[in-house]
Amino acid sequence: MSVVMDNRARWLASPRVSAEDKATILAMDDYTRDDAFFQDVELGTAGMRGKLGPGTNRMNLHTVGRVSVAFGQYVLSTAHDAGKKGIVIAHDNRYFSRQFAELSARIFNEMGIHAFLFDSLRPTPELSFAVRELGAQGGVMITASHNPKEYNGYKVYDETGCQLVPEKAAKMLAFADALPDELSFEIPQGKAKGKTTILDPRIDDHYCKAVEGCQRNPGLDKKGFKVIYTPQHGASYENAIRVFRDCGYEIIPVVEQCNHDPAFGGTKSPNPEVAAAWEKTFEYMTREHADFAVMTDPDGDRCGVAFLSSKGTYERFTGNESAALLIDYLLSDMKKKGDLPADPVMYDTIVTSSLGRVVAASYGVKTESFLTGFKFIGNRIAHYEECGQGPTFVFGYEESYGCLVKPFVRDKDGLQAILLYTEMACNYHNAGIPLDVAFDNLQKKHGYHLALTKDTYFEGMEGSRLMKEMMARLHEEPLKEIAGIPVVKVEDYKNLVSVSADGVKTPIEGLPSSDVLKYFLEDGSTVCVRPSGTEPKVKFYLEAVGKERDGLQEKIAALDAGIRKAAGCR
C-alpha cells in the first residue's frame with residue numbers, strides 16, 4: 001500500500017500535474033486510487049494499453065510522453081539516418097487519441113526525428129502499410145483496439161511495419177527503464193529538430209488499391225447480394241466503403257455506428273467477439289433482408305462475420321470457423337487456377353483451432369504456429385523475405401478475428417478480411433449454398449472441431465496478484481487430468497519445455513518465453529491458458545474434436561468447468 005500512497009503523493013505534489021487531474025485524484029475512492037497507482041501502466045512487447053486518467057497505471061500525457069521518448073531513443077539506435085526516415089503516427093477514434101498522437105510527434109521532433117502524421121484517424125493496417133510505403137524507420141498506432149471506451153493504448157512498429165517482437169521490444173524497454181519516472185523525465189534534444197508532415201490522401205489511395213488487389217474473383221455476379229457493414233464507430237469506415245463500392249458490392253452501413261464516437265454510443269460493445277456488438281447489425285440484416293454482414297473493430301485490424309443460415313436465421317462464425325472456411329476458399333481457388341505456390345506456408349498461433357491446419361494440409365500447405373500476437377507472423381514473413389529463400393506466404397491468422405491475405409501489411413488487416421470474406425460469401429451465395437452448410441461440408445470432410453474461448457477477469461490490484469499466483473501455480477504443479485480426461489502432454493511456454501505424461505521433457509525451440517500453458521488430452525481435446533496481454537483477464541482456449549458433431553458442446557462445457565476448478569477460479 002505504501003507504493004500506492006507514495007505514487008499518489010508524488011502526483012499531487014508535482015507541478016507537471018494539472019489542477020484538474022489533482023482534483024480527480026483527490027476524489028478517487030479507495031479501489032480506484034489503488035488501481036491507478038499500485039503499478040506503472042504495463043509497457044511490454046505489445047506496447048502499452050490501459051485505462052485513461054491520472055495515475056501511474058493509466059494512459060495519460062505523462063505516461064504516453066515517457067514511452068514516446070523511449071521509443072524515439074530505440075528508433076534512433078536502429079539506423080544512422082533513422083531521424084530522417086522518421087516515424088509514422090496514426091490513431092483511432094478514442095478519447096485523447098489525437099492528443100497522444102500529436103504529443104508523440106512533438107516529442108519525436110524535439111529528439112531530431114521526422115514525424116509523419118495522418119490528418120485524422122486511420123486503421124491499424126494502414127499504419128503498417130504507410131511505414132513500408134514511406135520507408136520510415138518505425139510507426140506508432142494510438143489505439144486500444146476492441147477494448148471498452150475507458151481504454152487507450154500505444155502500439156509500436158519497426159521499419160518493416162511489424163509490431164516489435166520481443167528481442168526488439170527488449171531494447172526499447174531498456175531505454176524506458178533508464179528514464180526517470182513519468183513526471184521527471186526530460187526530452188533528449190536532437191542536434192537538428194525534426195518536422196511533422198501531415199500525410200496526403202495518396203497513402204489512402206495506394207492502400208485501398210492494394211486491398212482491392214487481394215480479390216480472387218473480382219468478376220463475381222454481385223447483383224442482389226446484400227451486405228451490412230459496421231466499423232463500430234472506428235477508423236475503417238471511409239476506406240471500407242470506398243473499397244466495397246470500387247469492387248461493386250451493395251453495401252448498407254450501420255449508420256448509428258459510422259460516426260467516430262469515442263464513447264461508442266451506438267453499440268453495446270466495440271468487440272466483434274461479443275454477441276452484444278452485433279445487436280444493431282442483426283436489426284439491419286433483418287430489416288434489409290441481407291445475405292451477409294461484416295464488422296471491423298475500432299482500429300480496423302479485426303473482422304467478424306454474420307450470415308443468413310439455411311434455417312432462415314442470422315448467425316455468426318467464430319474467428320476459427322470463418323478463417324477455416326476462408327482458407328478452403330482461397331486455397332481451392334489457387335489450386336483451381338494453378339497459382340498455388342510450390343512451397344506454400346500458412347501461419348497461425350498456438351491457441352488457434354487445429355481445423356485450419358488440417359484444411360491447409362489437404363492442399364499441401366504446411367503451417368507454422370507462433371505465440372499469440374500477430375507480430376510473430378509479420379516477423380516471420382520478413383525473415384524469409386530477408387534471407388531470400390523459404391516457403392511462400394499464402395495466409396496468416398489468429399483465432400480472435402485477425403487475418404492477413406497479402407503481406408503488403410505486416411499486421412492483421414480487417415479491410416483485406418472483410419473484402420475476401422464478402423467475396424467468399426458471394427461465391428457461395430451464387431452457388432446456392434448457405435455458409436452454415438458450407439462449413440458443415442468442410443467439417444464432414446476434415447472432422448468436427450469445436451473451439452471456444454472463455455475468460456475470467458482479475459480486476460484491480462488484488463486481481464493482478466491473484467492472477468499471477470494462479471499462473472505460477474499451474475506452471476509449478478502440472479495438471480494430470482482435466483474434466484476426468486488424462487493429460488498426455490503439457491507445453492509450458494514460460495519454461496519452453498514440453499512434458500509428456502511419463503515425464504519425458506523436450507525443449508520447445510524457436511519461440512520466446514511466454515506465460516502460456518497448453519494441455520493435450522487423451523481424447524484429442526486441447527486446453528490452453530494464458531493471461532490477456534491487453535485486459536486484466538485470463539483466457540481459456542478450449543477445443544474438442546470428433547468424427548461427429550454430437551457431444552462436442554457438452555465436452556467443451558466439461559473442459560471449461562474442469563480447467564476453472566483446477567485453476568481455482570470461477
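Everything below is about the structure shown above.
None of these values were measured; they are calculated from a predicted model.

Rules of the game
- Residues numbered from 1 in each chain as written.
- Predicted model: local features only at pLDDT ≥ 70, side-chain atom pairs only at ≥ 80, totals over all residues.
- Heavy atoms only, no water.
- Helix = DSSP H or I, 4+ residues; strand = E, 2+ residues; numbered from the N terminus.
- Rg over C-alpha atoms; globule rule 2.2 N^0.38 Å.
- Buried < 20%, exposed > 50% of the residue type's maximum accessible area, 1.4 Å probe, protein only.
- Contact = heavy atoms within 4.5 Å.
- Areas by Shrake-Rupley, 256 points an atom, 1.4 Å probe, with all protein chains shown as cover.
- Axes fitted to C-alpha atoms, helices over the stretch in contact; angles between N-to-C directions.
- Parallel < 35°, antiparallel > 145°, perpendicular 65-115°, else oblique.
- Left-handed = near helix turned anticlockwise from the far one by under 90°.
- Nonpolar A, V, L, I, M, F, W, Y, C, P; charged D, E, K, R; others polar.
- 1 Å grid on protein atoms, 1.4 Å probe; cavity = no way out; pocket = protein on both sides within 12 Å on 5 of 7 lines; lining within 4 Å.
- Points joined across faces, edges and corners; volume = space filled by probe spheres on them.
- Core = buried A, V, L, I, M, F, W, Y, C linked by side-chain atoms within 4.5 Å.
- Expected span 1.5 Å × (residues − 1).
- Arc of directions from axis to C-beta.

Draft legend 1. Examining the overall build of the chain more closely. Each helix and strand counted, the chain has 18 helices and 24 strands in total. Since a compact globule built from 570 residues should have a radius of gyration of about 25 Å, the 24 Å found for the chain is in line with a globular shape. The C-alpha extent of the chain, read off along each of the three principal axes, is 65 × 55 × 50 Å. Per-residue burial for the chain yields a buried fraction of 58% across its 570 residues. Sequence separation of 24 or more characterises 69% of the internal contacts of the chain that already satisfy a separation of 6 or more. Surface accessibility of the chain: about 22,500 Å² in total, with carbon and sulfur atoms responsible for 52%.

Draft legend 2. Structural detail: the packing of helix α9 (residues 202-212) against helix α10 (residues 237-246). Between α9 and α10, whose axes approach to 10 Å, the crossing angle comes to 50 degrees. With respect to α10, the axis of α9 lies oblique. As for the relative orientation of α9 and α10, their crossing is right-handed in sense. Contact residues: D204, D205, Y207, C208, V211 and E212 in α9; N239, R242, V243 and D246 in α10. Residues that form the contact of α9 with α10 fall into these classes: 4 nonpolar, 1 polar and 5 charged.

Draft legend 3. Highlighting the layout of surface pockets. Estimates place the volume of the second largest pocket at around 410 Å³. Taken together, 19 residues line the second largest pocket, and the ones lying closest to its centre are E321, F439, Q443, L450 and R549. Examining the composition of the lining of the second largest pocket, we find that 5 residues originate from one element, strand β17 (residues 448-457), more than from any other. Among the residues forming the lining of the second largest pocket, the class breakdown is 8 nonpolar, 4 polar and 7 charged.

Draft legend 4. Inspection of empty space enclosed by the protein at higher detail. All told, the structure shown has 2 cavities of 30 Å³ or more when counted by the stated rule. Considering only enclosed or pocket space, the largest cavity measures out at about 90 Å³ in volume. Residue lining of the largest cavity: 15 residues in total, with V351, T526, Y541, L542 and E543 positioned closest to the centre. Counting residues per element, the ones that place at least two in the lining of the largest cavity are β17, β23 (526-531) and β24 (537-546). Across the lining of the largest cavity, the residue classes tally to 8 nonpolar, 5 polar and 2 charged. In this model, the second largest cavity occupies a volume close to 50 Å³. What lines the second largest cavity is simply T318, N320, E321, A324, S353, L355, F439, H449, L450 and A451. If you list the elements that add at least two residues to the lining of the second largest cavity, you get α12 (319-337) and β17. Here the lining of the second largest cavity is built from residues that sort into 5 nonpolar, 4 polar and 1 charged.

Draft legend 5. Spotlight on unusual backbone geometry. A positive phi angle, near 70 degrees, is found at H233, a position not held by glycine. Within the fold, H233 resides in the loop between β8 (226-230) and α10. Within the chain, A483 stands out as a residue other than glycine whose phi angle is a positive 55 degrees. For A483, the position within the fold is in the loop between β18 (481-482) and β19 (485-492). The class for A483 is partly exposed, based on a relative accessible area of 35%.

Draft legend 6. Structural context of the nonpolar core. Of all hydrophobic cores here, the largest spans 90 residues; its most connected members are V88, F292, V294, F395, Y421 and L435. Considering each element in turn, this core owes the most residues, 10 residues, to helix α15 (residues 414-430). Leaving out residues up to four positions away in the same chain, F292 has contacts with F225, K226, V227, I228, M285, V305, A306, F307, Y421, T422, A425 and L435. Formed by 36 residues, the second largest nonpolar core is a distinct cluster that contains V41, M48, I113 and Y154.

Draft legend 7. Expanded view of helix α8 (residues 166-178). An ideal rise of 1.5 Å per residue puts 18 Å on 13 residues; α8 measures up with 18 Å between its terminal C-alpha atoms. Inspection of α8 places A169, M172 and A176 among the buried residues, and these make up the whole buried set. Down the axis of α8, the sector holding all buried residues measures 60 degrees, keeping them to one side. Exposed side of α8, more than 90 degrees from the buried face: E167, K171, D177 and A178 are the residues found there. Check the buried side of α8 and you find it contacts β1 (43-44), α4 (61-78) and β6 (151-157).

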